[in-house]
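Each chain, written out:
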Amino acid sequence: MSHLYENIEPNVIDDELVQKVLEEERTEDIEKIVRREGFNFKDVKELQLSFRNILQIANLWQFENLTKLQLDNNIIEKVEALESLVHLVWLDLSFNNIEVIEGLDTLVKLQDLSLYSNRISKIENMDTLQELQIFSIGKNNLTTLEDVVYFRRFKHLRTLNLAGNPLCDDNRYMLYVVAYVPNLVYLDFKLVRDSTREEAVLQYQYHIEPLEQEEAEVLAQLEDKQAKQKQLEYHKTAFVEYLNGSFLFDSMFAEDTEAAKLACLPGVDDLLQAYREEFVSVCESLFNYGLKEHENREAEVSHFHEYLNEVLTANQQEGRKRILEFENQSKKRLEEIHNASSYDIAESKRARYREDILQLSEALMGLEILITDQLEEILEEFKGNIAAVASTFIENVKGIYPLDSLLAWTSQSLPGPGKPSP
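1. Observations concerning the packing of helix α3 (residues 173-180) against helix α4 (residues 194-237)
At step 1: Interaxial distance between α3 and α4 falls to 8 Å at its minimum, and their mutual angle equals 60 degrees. It follows from the interaxial angle that α3 and α4 lie oblique. As for the relative orientation of α3 and α4, their crossing is right-handed in sense. Here M174, L175, Y176, V178, A179 and Y180 of α3 come into contact with α4, specifically with T196, R197, E199, A200, Q203, Y204, H207, I208 and L211.
At step 2: Residue classes in the contact of α3 with α4 are distributed as 10 nonpolar, three polar and two charged.

Here it is in structure tokens:
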């Protein structure tokens, strides 16, 4: 380390450096605003930290609304401390000493990324950057041409720069990249011509087709998983998750050693199977009823919001009407005051004007009191309706889910002292 940087003094991003950079970038107008209102790092959208001999990234968590960050031409060795910059769209880390792509997982909005002229030997750890459109990783240590297949996951990627890497020396380079990353418009700062694209497809189509089929299968599995997760979330909001099947029963008996011993008794296995079927039937009835009741609750909530909106809108419209009437009357009053022929007449008009203001104030205050009362009534009604729905739900569930009856039935059916085996 000391040998590498013996002619320069490495820096770490600290408050002093950040303050210095921001002061350098301020215009005269911004400086006036800062002196008057103070400065908040959350207001900064762009930050330029180029040519600062920065060795370590740190202390950027305060810039939570940053969209553009320049850290090029430093001596950075590790990509770190960027996790809070979730709004970042543009990131330049070119001309540094980075060896591993990492620390970018939370930057899901990133569209433009430059890692040009570093020491990177592997394309990795970029799976979450699904919005990436421009990526420059030229002049690094990438040696394996097949690694560019990784870029297929970036469906929005249109510009890619790999120039200056050892893999570019492969005779297959141009056609291979164009074939395996078909959405590219520019490669190594050059437009991908239609003739090149056609040649690439022709040469590699038999390699690409199985890959496309595999990707389609993976995508279908992902969509199926997401659909099931979405359905599960809906079931959770209805409080019926995992009730549409045998999951509850199976989970109860999975690690129950006593149940396993019980199953060894003569005739108990058939009895447990019958009990399982009855239990699952009850769960499914509860599941269906729960979904129906959830729809009722949702309808009640929707009605509440509609009514609330209606009342608020009506109150606001009445308030605007009163203010508009006052404004129209106000113009007339002011003209009368301005054109008054004597001080006494003007003073009389001013008194009328003050009375108009007082009446407007009282009218608006009355509307505020009215809406407060209406909101209280609406909330009380809503609470009562929801309580009635919940009470009905609980009572009906007790009828659907007769656990005591099931247990009694099981107890009577189990063999025991003095009982014949079933």
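Right, picking up where we left off after that structure.
2. Considerations on the pattern of salt bridges
At step 1: Enumeration according to the criterion identifies 13 salt bridges in this entry.
At step 2: Between E124 and K122 there is a salt bridge whose closest N-O contact spans 3.9 Å.
At step 3: Assessed through its relative accessible area of 48%, K122 is described here as partly exposed.
At step 4: K228 is the salt-bridge partner of D224, the closest N and O atoms lying 3.4 Å from each other. Residue D224 and its partner K228 are both found in helix α4; the two are separated by four residues, about one turn of the helix.
At step 5: Of the residues examined, D224 reaches a relative accessible area of 41% and is grouped as partly exposed.
At step 6: Accessibility expressed as a relative area gives 52% for K228, which makes it exposed.
At step 7: What emerges from the salt-bridge pattern is a single network uniting E146, D170 and R172.

3. Quick notes on unusual backbone geometry
At step 1: Despite not being glycine, N53 shows a phi value in the positive range, around 55 degrees.
At step 2: Inspection of the secondary structure assignment puts N53 in the loop between β2 (46-48) and β3 (54-56).
At step 3: A positive phi angle is found at A81, which is not glycine, with a value near 60 degrees.
At step 4: Along the chain, A81 falls in the loop between β4 (68-70) and β5 (90-92).
At step 5: Relative accessible area serves as the criterion here: at 25%, A81 is assigned to the partly exposed category.

4. Quick word on the packing of aromatic side chains
What describes a pair of aromatic rings is the distance from one ring centre to the other and the angle between the planes of the rings.
At step 1: The tally for this structure, following the rule as stated, stands at 13 aromatic pairs.
At step 2: Judged by centre distance (6.1 Å) and plane angle (15 degrees), the ring pair of F326 and Y353 falls under stacked. Of the two residues, F326 sits in helix α7 (residues 268-338) while Y353 sits in helix α8 (residues 343-400), which places them 27 residues apart along the sequence. Across the pair, exposure class does not vary: F326 and Y353 are buried alike.
At step 3: Every member of this aromatic cluster is reached through a ring pair, and the members are F135, Y150, F151 and F154.

5. Quick word on the packing of helix α5 (residues 247-254) against α7
At step 1: Between α5 and α7, the shortest axis-to-axis distance is 8 Å and the interhelical angle comes to 135 degrees. Taken together, the axes of α5 and α7 are oblique relative to one another. On α7, the residues that touch L248, F249, D250, M252 and F253 of α5 are L272, Y275, R276, F279 and C283.
At step 2: The residue makeup of the contact of α5 with α7, split by class, is eight nonpolar, no polar and two charged.

6. What about the environment of K292?
At step 1: You can see K292 is positioned in helix α7.
At step 2: Judged by its relative accessible area of 53%, K292 is exposed.

7. Quick notes on a negative patch on the surface
At step 1: Together, D373, E376, E377 and E381 make up a negatively charged patch on the protein surface.
At step 2: Secondary-structure assignment places D373 in helix α8.
At step 3: Residue D373 is classed as partly exposed on the basis of its relative accessible area of 37%.

8. Overview of the environment of Y234
At step 1: Along the chain, the position of Y234 falls in helix α4.
At step 2: Taking the C-alpha atoms as reference points, Y234 and H294, separated by 60 residues in sequence, lie 9.7 Å from one another.

9. A look at the sheet that holds strand β7 (residues 134-136)
Backbone-to-backbone hydrogen bonds join strands into a sheet, with any given pair of strands oriented parallel or antiparallel.
At step 1: The eight strands are arranged β2-β4-β5-β6-β7-β8-β9-β10 in an open sheet whose pairing can be described as mixed. Each edge of the sheet is formed by a strand with only one pairing partner; in this case those strands are β2 and β10 (190-191).
At step 2: Pairing of strand β9 (residues 186-187) with β10, which is carried by two bridges, proceeds in the antiparallel orientation. Within the sheet, the bridge partner assigned to L187 lies in β10 and is K190.

10. Points about the environment of Q133
At step 1: Summarising the element assignment, Q133 is placed in the loop between β6 (112-114) and β7.
At step 2: C-alpha separation for the pair Q133 and L110, spaced 23 residues apart in sequence, amounts to 8.4 Å.
At step 3: Beyond its immediate chain neighbours, meaning those up to four positions away, Q133 contacts Q111, H156, L157, R158 and T159.

11. Quick word on α4
At step 1: Along its 44 residues, α4 runs just 51 Å from first to last C-alpha, ending more than 12% under the 64 Å computed at 1.5 Å per residue.
At step 2: The largest bend along α4 measures about 75 degrees and falls at Q205.
At step 3: Along α4, the residues classified as buried are T196, A200, Y204, I208, L211, L232 and H235.
At step 4: Where α4 is buried, its residues contact α3 and α7.
At step 5: One or two residues past the end of α4 sits F239, with phi positive at roughly 60 degrees.

Parameters at a glance
- Residues numbered from 1 in each chain as written.
- Predicted model: local features only at pLDDT ≥ 70, side-chain atom pairs only at ≥ 80, totals over all residues.
- Heavy atoms only, no water.
- Axes fitted to C-alpha atoms, helices over the stretch in contact; angles between N-to-C directions.
- Helix = DSSP H or I, 4+ residues; strand = E, 2+ residues; numbered from the N terminus.
- Parallel < 35°, antiparallel > 145°, perpendicular 65-115°, else oblique.
- Left-handed = near helix turned anticlockwise from the far one by under 90°.
- Contact = heavy atoms within 4.5 Å.
- Nonpolar A, V, L, I, M, F, W, Y, C, P; charged D, E, K, R; others polar.
- Salt bridge = Lys/Arg side-chain N within 4 Å of Asp/Glu carboxyl O.
- Buried < 20%, exposed > 50% of the residue type's maximum accessible area, 1.4 Å probe, protein only.
- Phe/Tyr/Trp six-rings, centres within 6.5 Å; stacked < 30°, edge-to-face > 60°.
- Patch = residues over 30% accessible without salt bridge, like charges linked within 9 Å, V, L, I, M, F, W, Y side chains within 5 Å.
- Areas by Shrake-Rupley, 256 points an atom, 1.4 Å probe, with all protein chains shown as cover.
- Lys, Arg positive; Asp, Glu negative; His and termini not counted.
- Charge placed at Lys NZ, Arg CZ, Asp CG, Glu CD.
- Pairing = 2+ DSSP bridges.
- Expected span 1.5 Å × (residues − 1).
- Bend = angle between axes of the 7 residues up to and from the residue.

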